[in-house]
Structures are given as structure tokens and as C-alpha cells.
Amino acid sequence: MKKIVIFASGSGSSAENIIANFNGKTSIKVEKLYCNNQKAFVLERIKKYNINTMIFNNSDLETGKVLEDLIKVRPELIVLAGFLRKIPKAIIDEFKNKIINIHPALLPKYGGQGMFGLNVHQKVIDNKDFHSGFTIHYVNENYDEGNVIFQKKIEVKSSSAEELSKKVLDQEHKYYPTIINSLLDRKSTRLNSSHLVISY
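All of these numbers come straight from a predicted model, not from anything done at the bench.

With that settled, consider the overall build of the protein chain. In terms of regular secondary structure, the protein chain is built from 7 helices and 8 strands. By the compact-globule yardstick of 16 Å for 200 residues, the protein chain fits well, its C-alpha radius of gyration being 16 Å. Overall, the C-alpha framework of the protein chain stretches about 45 × 40 × 35 Å when taken along its three principal axes. Sequence separation of at least 24 residues holds for 67% of the intrachain contacts in the protein chain that already meet a minimum separation of 6. The average position of the 29 basic charges and that of the 21 acidic charges among the side chains of the protein chain differ by 4 Å.

Here we come to the confidence of the model for the protein chain. Parts of the prediction with low pLDDT should not have their coordinates interpreted in detail. Residues with a pLDDT of 70 or more make up 93% of the protein chain, whose mean pLDDT is 91. In the model, residues 188-200 has pLDDT below 50 throughout and makes 29 contacts with residues more than four positions away in sequence or in other chains.

This model, assessed by the stated rule, comprises 9 salt bridges. Measuring nitrogen to oxygen at the nearest pair gives 2.6 Å for the salt bridge that ties D93 to K89. Note that D93 and K89 are positioned in helix α5 (residues 89-94) at a spacing of 4 residues, about one turn of the helix. Residues D170 and K166 are paired through a salt bridge, measuring 3.2 Å at the closest nitrogen-oxygen approach. Of this pair, D170 and K166 both sit in helix α7 (residues 161-185), 4 residues apart, which is roughly one turn of that helix. What makes D170 partly exposed here is its relative accessible area of 41%.

Those residues of helix α6 (residues 118-126) not exposed but buried are V120, H121, V124 and I125. Burial along α6 is one-sided: seen end-on, the buried residues are contained in an arc of 135°. K128 sits one or two residues past α6 and shows a positive phi near 55°.

Time to look at the packing of aromatic side chains. Within the structure shown, the criterion is met by 7 aromatic pairs. Where F134 meets F150, the ring centres are 5.8 Å apart and the plane angle is 35°; that geometry is what we call tilted. Taken as a pair, F134 in strand β6 (residues 131-138) and F150 in strand β7 (residues 148-155) lie far apart in primary sequence, 16 residues in all. Assigned by exposure class, F134 and F150 land together as buried. Between the aromatic rings of F134 and Y175, the centroid separation amounts to 6.2 Å while the plane-to-plane angle is 45°, which identifies the pairing as tilted. Remark: Y175 occurs in helix α7 and F134 occurs in strand β6; sequence separation between them is 41 residues.

Let's shift gears to the pairing of strand β1 (residues 2-8). Counting buried positions along β1 yields 5 of 7 residues, so the element is predominantly enclosed. As paired strands, β1 and strand β2 (residues 28-35) are joined by 7 bridges and run parallel to one another. Looking at β2, one finds that A8 is bridged to C35. As for the winding sense of the linkage, the β-α-β connection from β1 through helix α1 (residues 13-22) to β2 is right-handed. Pairing analysis gives 4 bridges linking β1 to strand β4 (residues 77-80), with the strands arranged parallel. Looking at the pairing, I6 lines up with V79 of β4.

In this structure, S9 sits in the loop between β1 and α1. In terms of polar contacts, S9 uses its side chain to reach the side chain of N36, at 2.8 Å. Those residues in contact with S9 that sit more than four places away from it in its chain are C35, N36, N37, A40, G82, F83 and L84.

Cut-offs and rules
- Residues numbered from 1 in each chain as written.
- Predicted model: local features only at pLDDT ≥ 70, side-chain atom pairs only at ≥ 80, totals over all residues.
- Heavy atoms only, no water.
- Helix = DSSP H or I, 4+ residues; strand = E, 2+ residues; numbered from the N terminus.
- Rg over C-alpha atoms; globule rule 2.2 N^0.38 Å.
- Contact = heavy atoms within 4.5 Å.
- Lys, Arg positive; Asp, Glu negative; His and termini not counted.
- Charge placed at Lys NZ, Arg CZ, Asp CG, Glu CD.
- pLDDT = per-residue confidence, 0-100.
- Salt bridge = Lys/Arg side-chain N within 4 Å of Asp/Glu carboxyl O.
- Buried < 20%, exposed > 50% of the residue type's maximum accessible area, 1.4 Å probe, protein only.
- Arc of directions from axis to C-beta.
- Phe/Tyr/Trp six-rings, centres within 6.5 Å; stacked < 30°, edge-to-face > 60°.
- Pairing = 2+ DSSP bridges.
- Right-handed = clockwise from strand over helix to strand, strands pointing away.
- Polar contact = N/O pair within 3.5 Å; in protein donor to acceptor, adjacent residues only side chain to side chain.

Below, the structure is given as C-alpha cells:
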């Protein structure tokens, strides 16, 4: 049984989608959810799945309390799903190439601090881009700069950031669990030194 943990900060649709996809599976288990917002709706969403949770504040993240707990859990993969804080270097070093994130744009476009949620989609609309999509990437010390694992491109036919957000999120929900599963399947080979780079 391969263990994953999820970090989330907000409404939790992506986190719930991942948990639902792996619920009851014998090969992969969502072991724990980490959340830095005690009022986040994700905590309500996941109650029915009986997932262990750790609610922490931002100082816990920086001072090592979260890292200590992660070391006890020893997940094969740390999955960010709407988690808005930067991951400290100590965690990245301990779990090198075992932390992934999903970003609602085709990186390197529209990445970096402040580029999340509707901010990203509004930039795409304002710049009249023909394509948008999402990127799954490894996490390093800089926002949205880790090696790309997977990208999905979609046509921008939306008149608003809200419409585009829904289209991208639908595709994120479709592909994120699949890519997680693919990475864990590769875990026994050379996941730490190779990258699953796919674009559709």
C-alpha cells in the first residue's frame, strides 16, 4: 500500500476528488490531509471519508512541526491541491522529488506569487490567449518553477474568468488522480531521476 498525503487550504474540490478516486483502493491510500486554515471547507468535504487530518498554522510549517509529522507518516508522495503557502526548504529537502502541485495555467506562463485562482484565468482572458490549461509539476523552493510532469492544453472559448476556471478545473479533476497513480507506479523504478512529461 503506497501512502500519499494532501495539502489544501480552501474549498477542497481537488482534494476530495483525489480522495474519492483512491477511496477503497488496495494499492494507494490517502493517509492524511494537512490544512493551514481551520475554517477551510475542505475539512467539511472530507469528513465522510474518515481521513486523518492535521490542522496547523503557518508558524508550524516554518518551525518544523509539520515536517516532524510528515517524517512519522512517511508518504511516498505529497500532493498539493489548492495549497497556497510556499513549502519550506526543509520539507523539500527531506522529500526531494516527492512533492507535486497543480497550477491552473500552462507554466511558465502565469506562474509565481499571487498567480492563483481567478487571478490566473483573468490574465489569460485579458491577454486574449487562444489556449490555457493546467500544469502538474514538482515543487521546488520557488513558486511554480519545479520541473513539469504533465500539461493539458484547452482552447479558450470563455468570456469570463469564472467560465474558464470551471473548464480548467474539470480537466484538473479528470487528470490529477491519473498522474498521481502514474507517478506511484513509476516509484519502484526511476521516479526520482526522471520525469513524466506529457502534453495533450
